[in-house]
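Read off the chains here:
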Protein chains: 2
Amino acid sequence: MSRCVRQLLLISSSRLEGYEPLEFAANDINALLKKNNVSTLLFIPYALKDHDTYLANTTKIFSKWGYEVVGIHNSRNPIEAVQKAQAIFVGGGNTFRLLKTLYDNQLIDAIQRRVLEEGVPYIGASAGTNVATRSIHTTNDMPIVFPKSFEGLALVPFNINPHYLDADKNSTHKGETREERIIQYLEEAHAGPVLGLREGSWLQVEGCKATLKGLYAARLFVPKKDAKEYESGNDMSFLLDDDWICRCKQ
Amino acid sequence: MSRCVRQLLLISSSRLEGYEPLEFAANDINALLKKNNVSTLLFIPYALKDHDTYLANTTKIFSKWGYEVVGIHNSRNPIEAVQKAQAIFVGGGNTFRLLKTLYDNQLIDAIQRRVLEEGVPYIGASAGTNVATRSIHTTNDMPIVFPKSFEGLALVPFNINPHYLDADKNSTHKGETREERIIQYLEEAHAGPVLGLREGSWLQVEGCKATLKGLYAARLFVPKKDAKEYESGNDMSFLLDDDWICRCKQ
């Protein structure tokens, strides 16, 4: 790829205590869409079962800001809908269901081409952020359906853990903490870096530049290294150094 | 299958606040092993990365009760180890890693035959309980590796959610609650009943009889029905009614 034109907002979750959905990220969302003269978003609601209700709820959010929203499920040809999209928003729900439906509808290539080669803005929240990364190996969701692969859209070459949650020191529950689960992933030979994004936080990616945004610090897990905290505003472009997609530094 | 000879203890988790590992279930474990004249257990440690440490820790538990433990990872021929096992214990960790390794080592058929046809006692905890059921669709674990299927050993014809956890009403976290995740599973056409087993609880299965045991009630989720609580001691054999394995009621 000669140019690296991606424009991504990879949001931990649309919901945050004390805010309307996506309200906390409204400035970045609006700036991205205005810069690209977007009037209509293509919404991918596959992570939830009831697409129509999900579309109605999502339309409420974006119409307040002056955008139209069309649901990909209402298109007779989803691939064509992606090819024509001015911007893509992929909402949360169940990551396995979302990824399986993207594969079933043969949308992986189409979205990759639009976002990576043609610079169409991609906004993901929760499951929509998981599928945007290298793989869904670090989703929190239950594997309710079997996708043909865990490989994601690979719009970035690392993993994200959305809804990242610090261990509750008062808990007597013996299930693994989030950190323990991510460390289990890092034990695997195929594992790479995992960015734990707390609710209210997101990663902004513009070409080869990545910036941590939002209300909270993020926790980065790298195989064979100690986990490390990064404050909001931090330049995270180093996560793109070994990017086979954009060849950011080679 | 003409006879239904399975003998299972499907434990929510080996760890429980205030107890040594598996201590809370010691009576049922010992009764099962003694009844079958077991002196040595075959331990399957595949759910954790470090098999030797896991074997050492598990040996500590069972040696107190007078049993020897052999680790399947120390056997040159794991299938043969299963064929010779007096009893099988499958420990917790990551369910995806466990199931993938069972498939990779071609152990699914061997364990099914021993347990379902030859009545070899099977004790599972956490991930070891997940893989014993119809599928791992209701595990809590992170999908750190990609198994060739989510289908489990199907020693019982329904799903279990181990470490079942009630929603924390004081939490401001916006990730799905356990109940919400299970309900997402129930929305899928392939879903069947899911038994939510709280830590400290287990299901005892003897042929076509299933009994809820342990310190806490369990929560049963059935597609298109309200979730329902069942007290410890309750007869759960109705979950085996549509058992294609043992043909318990047909």
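Residues numbered from 1 in each chain as written. Chains lettered and ligands numbered in written order. Predicted model: local features only at pLDDT ≥ 70, side-chain atom pairs only at ≥ 80, totals over all residues. Heavy atoms only, no water.

By the naming in an unreviewed UniProt entry, chain A is Protease s51 alpha-aspartyl dipeptidase, taken from Holotrichia oblita.

K.L.:
Any chance you could explain the sheet that holds strand S2 (residues 40-44) of chain A here in plain terms?
P.N.:
Think of a sheet as strands paired side by side through backbone hydrogen bonds, with each pair either parallel or antiparallel. All names here are of chain A. The mixed open sheet is built from seven strands, whose spatial order is S3-S2-S4-S5-S1-S8-S9. Unpaired on one side and paired on the other, strand S3 (68-71) and strand S9 (209-214) mark the two borders of the sheet. The mean inter-strand angle of the sheet, taken between neighbouring strand axes irrespective of direction, is 20°. The sheet contact formed by S2 and S3 spans four bridges and is parallel. Within the sheet, the bridge partner assigned to Leu 41 lies in S3 and is Val 69. (Pairing = 2+ DSSP bridges. Helix = DSSP H or I, 4+ residues; strand = E, 2+ residues; numbered from the N terminus. Axes fitted to C-alpha atoms, helices over the stretch in contact; angles between N-to-C directions.)

K.L.:
Would you explain the pairing of S2 of chain A in this entry?
P.N.:
The two faces of a sheet get side chains in turn, since along a regular strand they alternate between them. All names here are of chain A. Along S2, four of the five residues are buried, which leaves the element largely enclosed by surrounding structure. For the handedness criterion, the β-α-β arrangement of S2, helix H2 (residues 51-64) and S3 is classed as right-handed. Bridge analysis of S2 against strand S4 (residues 88-90) gives three bridges, and the strand direction is parallel. For Phe 43, the partnering residue across the bridge sits in S4 and is Phe 89. (Buried < 20%, exposed > 50% of the residue type's maximum accessible area, 1.4 Å probe, protein only. Right-handed = clockwise from strand over helix to strand, strands pointing away.)

K.L.:
Help me understand the interface of chain A and chain B, please; the structure alone is not making it clear to me.
P.N.:
The extent of an interface is frequently quoted as the accessible surface area lost upon association of the parts. Contacts between chain A and chain B engage 42 residues on the former and 42 residues on the latter. Between chain A and chain B, the buried area comes to about 3700 Å², and carbon and sulfur atoms account for 56% of it. Area buried by chain A at its contact with chain B is led by Met 142, Phe 146 and Lys 174 of chain A, which between them contribute 20% of it. A salt bridge links Glu 17 of chain A to Lys 174 of chain B, with the shortest nitrogen-to-oxygen separation between them at 2.9 Å. On inspection of chain A and its partner chain B, the count reaches 27 residue pairs in polar contact (both at pLDDT 80 or more). Of all elements in the fold, only helix H4 (95-104), strand S6 (159-164) and helix H7 (178-186) of chain A reach the threshold of two or more residues within the side of chain A that touches chain B. The greatest single-element share of the side of chain A that touches chain B, amounting to five residues, is contributed by H7 of chain A. Residues that form the side of chain A that touches chain B fall into these classes: 15 nonpolar, 14 polar and 13 charged. (Contact = heavy atoms within 4.5 Å. Buried area = accessible area lost by both parts, 1.4 Å probe. Salt bridge = Lys/Arg side-chain N within 4 Å of Asp/Glu carboxyl O. Polar contact = N/O pair within 3.5 Å; in protein donor to acceptor, adjacent residues only side chain to side chain. Nonpolar A, V, L, I, M, F, W, Y, C, P; charged D, E, K, R; others polar.)

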